[in-house]
Amino acid sequence: MGPWMGRRRLLLKVAKACIVYAIAAGGATGVISFLSSSNVWPATAPLDTVPRRMLIVTTSASMLGSLAGQQPAVAEDLKRRLSEKILDKLPSGFIAPWGPRDLYYPTWMQGNWHVQAVQTDYLAPMGLQYVGNSGSTPGMAVQTLKEQQSRLGEKSEYDLAYMLSKSKHVLEDRKFNSAARINAYAGRKVVKRVEYADVPGNTREDALKNGDGPEDPLLTTLVYFKGGAQKVFVLGFQSEEQDSGNVWRGSQSVRTLFAAPGTGANPLVVDEEVLTELRRQPNGSVDARVRLIGYLNPNDPLFFQAGNKAVTIADYSLQFSRLAESTNATAAS
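Reference entry: report on the structure contained in this document. (Residues numbered from 1 in each chain as written. Predicted model: local features only at pLDDT ≥ 70, side-chain atom pairs only at ≥ 80, totals over all residues. Heavy atoms only, no water.)

Observations concerning the overall build of the protein
How we decide: Counting from the N terminus, the helices are DSSP H or I runs at least four residues long and the strands are E runs at least two residues long. Relative accessibility under 20% of the residue-type maximum defines a buried residue, over 50% an exposed one, and the middle range a partly exposed one, all with a 1.4 Å probe and only protein chains included. By definition, residues are in contact when any of their heavy atoms lie within 4.5 Å. In this description, accessible areas are obtained by the Shrake-Rupley approach with a 1.4 Å probe, and a residue is regarded as covered only by the protein chains that are shown.
Within the protein one finds 8 helices and 11 strands. When burial is assessed residue by residue, the protein has 53% of its 333 residues classed as buried. Counting only contacts in the protein whose residues sit at least 6 apart along the sequence, the fraction spanning at least 24 positions is 72%. When the accessible surface of the protein is summed, it comes to about 14600 Å², and 54% of that surface belongs to carbon and sulfur atoms.

What follows is the structure, given as structure tokens:
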């Protein structure tokens with residue numbers, strides 16, 4: 001095997017860690033196969049024709065613009081969405097300026113945590129034709145599904161951090177957590193750095209005007225690693241509480257763009273919903289469930305046939321154990 005093939009395999013492994021679960025509250029990589037999953041589809045422009053500045057800086061306009069005109073998500077029974085198999089995509093792409101500016105976590109999540117995550121289920125509710133891309137055969141789709149289901153029961157471990165913002169809200173430390181998850185699932189340190197990115201309606205200047213701090217999280221992140229980069233857009237969110245605040249559920253609608261210059265592959269786009277349930281235990285630990293719900297994006301030729309229905313569902317069980325408080329040095333450093 002030549003050095004190029006070895007590098008390409010490493011990039012694909014990193015891509016799985018990046019695309020699939022860089023923004024989730026927990027879980028494992030490999031939920032969808034990077035090159036054969038139905039809800040991973042190349043962007044329309046070849047990578048070598050897209051200037052780097054255009055890819056990194058202006059992608060926010062195209063990512064958000066494709067969802068323009070949609071209304072904010074109405075109150076949704078998130079508990080129901082954690083168990084049902086047939087799910088419609090929640091409206092996204094509009095975050096009301098008069099509502100919460102981010103997904104706010106319960107106060108008892110503030111701090112640093114060690115996470116043990118196990119994949120418990122993987123489903124293709126719309127059928128095998130949506131598991132593989134349009135160029136795959138039925139046999140390839142079956143193989144993809146088997147590969148995902150073979151990961152059931154596998155345990156992954158990493159640390160996560162949740163911080164108190166200047167405006168007194170508990171937020172996910174997206175820079176730290178993105179690097180921590182990707183490095184863990186790649187099996188080695190691959191993240192070079194993580195940055196927050198300004199997008200229309202959510203810039204650092206906007207955040208400061210709203211009373212947030214200069215280091216508080218933004219909704220969009222850029223993750224750089226050797227041979228590639230990903231940009232993750234949070235396009236919508238909602239949450240609910242039960243049991244006197246001891247049970248919290250949250251949902252994020254996310255679009256991820258992955259580019260690997262030099263591989264000859266087009267940029268890839270992933271649309272998914274990250275659904276999380278957190279249950280505080282008497283001993284201070286937290287039991288959690290995470291569901292990754294994959295959807296087709298408009299670039300996929302089966303997009304209209306899918307009808308905004310979930311095409312892949314991956315379920316995880318997580319256990320959070322609190323770590324001693326310490327400064328959250330980024331996992332990419």
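Some words on the environment of Ser-321
Secondary-structure assignment places Ser-321 in strand S11 (residues 312–322). Residue Ser-321 is classed as partly exposed on the basis of its relative accessible area of 40%. The sequence separation of Ser-321 and Asp-287 amounts to 34 residues, and the corresponding C-alpha distance is 9.1 Å. Contact partners of Ser-321, with chain neighbours within four places excluded, come to Asn-112, Trp-113 and His-114.

Re the environment of Ser-178
In this fold, Ser-178 is placed in helix H6 (residues 174–186). Considering only alpha carbons, one finds Ser-178 and Val-223, 45 residues apart in sequence, at a separation of 7.7 Å.

Quick notes on the pairing of strand S6 (residues 220–225)
Note the threshold: The rule for pairing is simple: two strands pair if DSSP sees at least two bridges between them.
Of all 6 residues that make up S6, 6 are buried, and the element is covered over most of its length. Alternating residues of S6 divide into Thr-220, Leu-222 and Tyr-224 and Thr-221, Val-223 and Phe-225, and every residue in both groups is buried. Bridge analysis of strand S5 (residues 191–196) against S6 gives 5 bridges, and the strand direction is antiparallel. Its bridge partner being in S6, Val-194 is matched across the sheet by Val-223.

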